[in-house]
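Next come the chains, spelled out residue by residue.
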Amino acid sequence: MDSQGVGDEDRPVEADSGVGEGVEGGPDVASGADSAESSPPESGLDGPQSPSYQVGAGRTLPRIIAIANQKGGVGKTTTAVNVAASLAEQGFRTLVVDLDPQGNAGTGLGVDIRQLSATVYDVLLHDVPLAECIQPTSVEGLFVAPSNLDLAGAEIELVPAFSREHRLRTALAAVRDDYDFVIIDCPPSLGLLTINAFAAASEVLVPLQCEYYALEGLGQLLGNVDLVKRNLNPTLEISAVVLVMFDGRTRLASQVVEEVRNHFGEKVCQTVIPRTVRLSEAPSYGQPITTFDPTARGAVAYRELAKEVSNGTPERIG
């Protein structure tokens, strides 16, 4: 499961106590009702924004953003669901497309993926209109195109399909003007499903966990983005890198933040997402953190991240 803090990457965390937050030299994590106060250092959320690069600057709606990292358990689904929910809170009509066969984006938004008449699998393999599988959520303005385990075989089934790399792009063309943002939750691989996401999107947002080997394997991801840009989608670019699972009690987390900022420079979002119990609990209740616990540190952080993502994006008229 790609929910943050679940699985073999999780370790015991004080239940949103904020104990140990604000390690010297570390980033400032968005604070809420469940965090302890700490002085924000220069590189943190409240630090200076880069004047030369902003994630949303100059972009027009609709925007299609793929959330991708070939490593599993790095918070892709958590980020996709909560950024989408926060964008909807801002008034943007938002669609989440679940390209992960685990179906976690759908279940994390309250959809029973066992009771669906059509999923993303049917859209990609059987030419079912995307509109027929889109489900509303409990968040106003937020919708999801869910998947389930049927999608697991799509990587192989797509191989002989006509225009196999553009199946998602073609499906989205019929509904893209109904939404301000389309957030695509990619699987933890760089196969045909992820290639479909890259061919359909104009932006890639990369979540990186604040743990050892955070940058491991990223060269392959960057290479695939470049390959898709040169051969399938010339508008594609990595628009943002977001640091997730930050544990302020460890010096390693702060060192990873510094390393990632040195490596990616201005494209690293100022907002850092903390590792919290509430973030890992929310999916089991079928809710984004913004409705499950609106004042939690994770909710505050994802709202701030969504503001960075949408910053400078003009609202559509009509």
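Report follows, based on the coordinates. Per chain, residue numbering runs from 1 following the sequence as it is written. Given that the model is predicted, a residue must reach a pLDDT of at least 70 before its local features are reported, and side-chain atom pairs must reach 80 or more before they are shown or counted; all residues, however, enter totals for whole chains, interfaces and linings. Values reported for side chains reflect all heavy atoms of the structure, with hydrogen atoms and water molecules removed beforehand.

Cavities and pockets are found on a 1 Å grid laid over the protein atoms alone: a cavity is a set of points where a 1.4 Å probe fits but cannot escape, a pocket is an open set with protein on both sides within 12 Å along at least five of seven lines, and a lining residue has an atom within 4 Å of such a point. Grid points are joined across faces, edges and corners, and a volume is the space filled by probe spheres set on the points. Within this structure, the stated rule accounts for two cavities of 30 Å³ or more. Approximately 80 Å³ is the volume attributed to the largest cavity. As for the largest cavity, its lining consists of 13 residues, of which T78, V81, N82, G108 and P283 are closest to the centre. Going through the elements one at a time, α1 (76-89) and α2 (104-108) are the ones with two or more residues in the lining of the largest cavity. Secondary structure follows DSSP: runs of H or I at least 4 residues long count as helices, runs of E at least 2 residues long count as strands, and numbering of each begins at the N terminus. Sorting elements by how many residues they give to the lining of the largest cavity places α1 first, with four residues. Note that Gly is not counted as nonpolar here; it falls among the polar residues with everything else outside the nonpolar set of Ala, Val, Leu, Ile, Met, Phe, Trp, Tyr, Cys and Pro and the charged set of Asp, Glu, Lys and Arg. Looking at the lining of the largest cavity, its residues break down into six nonpolar, seven polar and no charged.

Bringing the pairing of strand β8 (residues 268-274) into the picture now. Summary of the burial criterion: residues with accessible area below 20% of their type's maximum are buried, those above 50% are exposed, and those between are partly exposed, where the area comes from a 1.4 Å probe applied to protein chains only. Among the seven residues that make up β8, seven are buried, leaving the element largely enclosed by the rest of the structure. Here a strand pair is declared whenever DSSP counts at least two bridges between the two strands. With three bridges connecting them, strand β7 (residues 237-246) and β8 associate as parallel partners. Within the sheet, the bridge partner assigned to V241 lies in β8 and is V268.

With that settled, consider the packing of α1 against helix α11 (residues 297-310). Axis lines are fitted through C-alpha atoms, for helices just across the contact stretch, and the angle between N-to-C directions can take any value from 0 to 180 degrees. For the pair α1 and α11, the least separation of the axes is 8 Å and the interaxial angle reads 75°. Judged by the inter-axis angle, α1 sits roughly perpendicular to α11. Within the contact between the two elements, α1 uses T78, T79, N82, V83, S86, L87 and E89 and α11 uses Y302, R303, L305, A306 and S310. Split by residue class, the contact of α1 with α11 holds five nonpolar, five polar and two charged. Angles are sorted into four bins: roughly parallel if under 35 degrees, roughly antiparallel if over 145, roughly perpendicular if 65 to 115, and oblique for all others. Should any heavy atoms of two residues lie within 4.5 Å, those residues are considered in contact.

Turning to α1, a few remarks are in order. For α1, which comprises 14 residues, the first-to-last C-alpha distance of 20 Å matches the rise-based estimate of 20 Å (1.5 Å per residue) to within 8%. Judged by how many residues are buried, α1 sits mostly within the fold: 13 of 14 residues are covered. Directly beyond the C-terminal end of α1, a positive phi value near 105° is found at G91. Every helix has an expected span of 1.5 Å times one less than the residues it contains.

Excluding any residue in a salt bridge, patches collect residues exceeding 30% relative accessible area, merging like charges within 9 Å and nonpolar Val, Leu, Ile, Met, Phe, Trp and Tyr side chains within 5 Å. Areas reported here follow the Shrake-Rupley algorithm with a probe of radius 1.4 Å; residue values treat only the protein chains shown as occluding. Salt bridge, as used here, is a side-chain nitrogen of Lys or Arg placed within 4 Å of a carboxyl oxygen of Asp or Glu. Together, Y212, Y213 and L252 make up an exposed nonpolar region whose accessible area comes to about 350 Å². Within the secondary structure layout, L252 lies in helix α8 (residues 251-264). L252 gets classed as partly exposed once you look at its relative accessible area, which sits at 36%.

Turning our attention to the sheet that holds β7. Read across the sheet, eight strands follow the order β3-β4-β2-β5-β1-β6-β7-β8 without closing on themselves; strand pairing throughout is mixed. A strand with exactly one partner marks an edge of an open sheet, and here the two such strands are β3 (135-136) and β8. As judged from the three bridges shared by strand β1 (residues 63-67) and strand β6 (residues 203-209), these two strands associate in the parallel manner. Bridge pairing in β6 places I65 opposite E203. With respect to the sheet, α1 is in contact with β1, β2 (94-98), β4 (142-145), β5 (181-185), β6 and β7, its orientation differing from that of β5 by roughly 165°. Those strands touched by α11 are β1, β5, β6, β7 and β8, and its axis lies near 165° from that of β8.

As a further point, take the pairing of β2. As a general feature of sheets, a regular strand has side chains that alternate between the two faces. Of all five residues in β2, five are buried; the element is thus mostly enclosed. Across the two faces of β2 the burial is the same, with T94, V96 and D98 and L95 and V97 all buried. Here five bridges tie β2 to β5, and the two strands are oriented parallel to one another. Bridging from a neighbouring strand, D98 pairs with D185 of β5.

Okay, the side chain of S147 next. Residue placement: S147 occurs in the loop between β4 and α4 (154-157). Residue classification places S147 among the buried residues on the basis of a relative accessible area of 0%. In protein, a polar contact requires one atom able to donate a hydrogen and another able to accept it; more generally it is a pair of N or O atoms within 3.5 Å, and residues adjacent in sequence count only if both atoms are side-chain atoms. Separated by 3.4 Å, the side chains of S147 and D98 make a polar contact. Apart from the residues within four sequence positions on either side, S147 is in contact with D98, D100, P101, G103, I113, T119 and V120.

Turning next to helix α6 (residues 192-200). A turn of α-helix holds 3.6 residues, and therefore any two residues three or four places apart point the same way. Among the nine residues that make up α6, nine are buried, leaving the element largely enclosed by the rest of the structure. Within α6 the residues assigned to the buried category are L192, L193, T194, I195, N196, A197, F198, A199 and A200.

Looking now at the nonpolar core. The nonpolar core is taken to be a set of buried Ala, Val, Leu, Ile, Met, Phe, Trp, Tyr and Cys residues, with the residues joined through side-chain atoms within 4.5 Å. Residues L95, V97, L130, L172, I184 and F198 are the most contacted members of the largest nonpolar core, which totals 58 residues. Of all hydrophobic cores here, the second largest spans 40 residues; its members include I183, L205, A240 and A299.

Looking now at the packing of aromatic side chains. Stacked, edge-to-face and tilted are the three classes for Phe, Tyr and Trp ring pairs, Trp counted by its six-membered ring, which pair at centre distances within 6.5 Å; planes under 30 degrees apart are stacked, over 60 edge-to-face, the rest tilted. Counted according to the given criterion, the structure contains four aromatic pairs. Where F92 meets F181, the ring centres are 5.1 Å apart and the plane angle is 85°; that geometry is what we call edge-to-face. Residue F92 is found in the loop between α1 and β2, and its partner F181 is found in strand β5; the two are separated by 89 residues along the sequence. Here F143 and Y179 contribute two aromatic rings whose centre-to-centre distance is 5.9 Å and whose plane-to-plane angle is 65°, an arrangement assigned as edge-to-face. In this pair, F143 sits in strand β4 while Y179 sits in the loop between α5 (167-173) and β5, placing the two residues 36 residues apart along the sequence. By relative accessible area, which is 17% here, F143 ends up buried.

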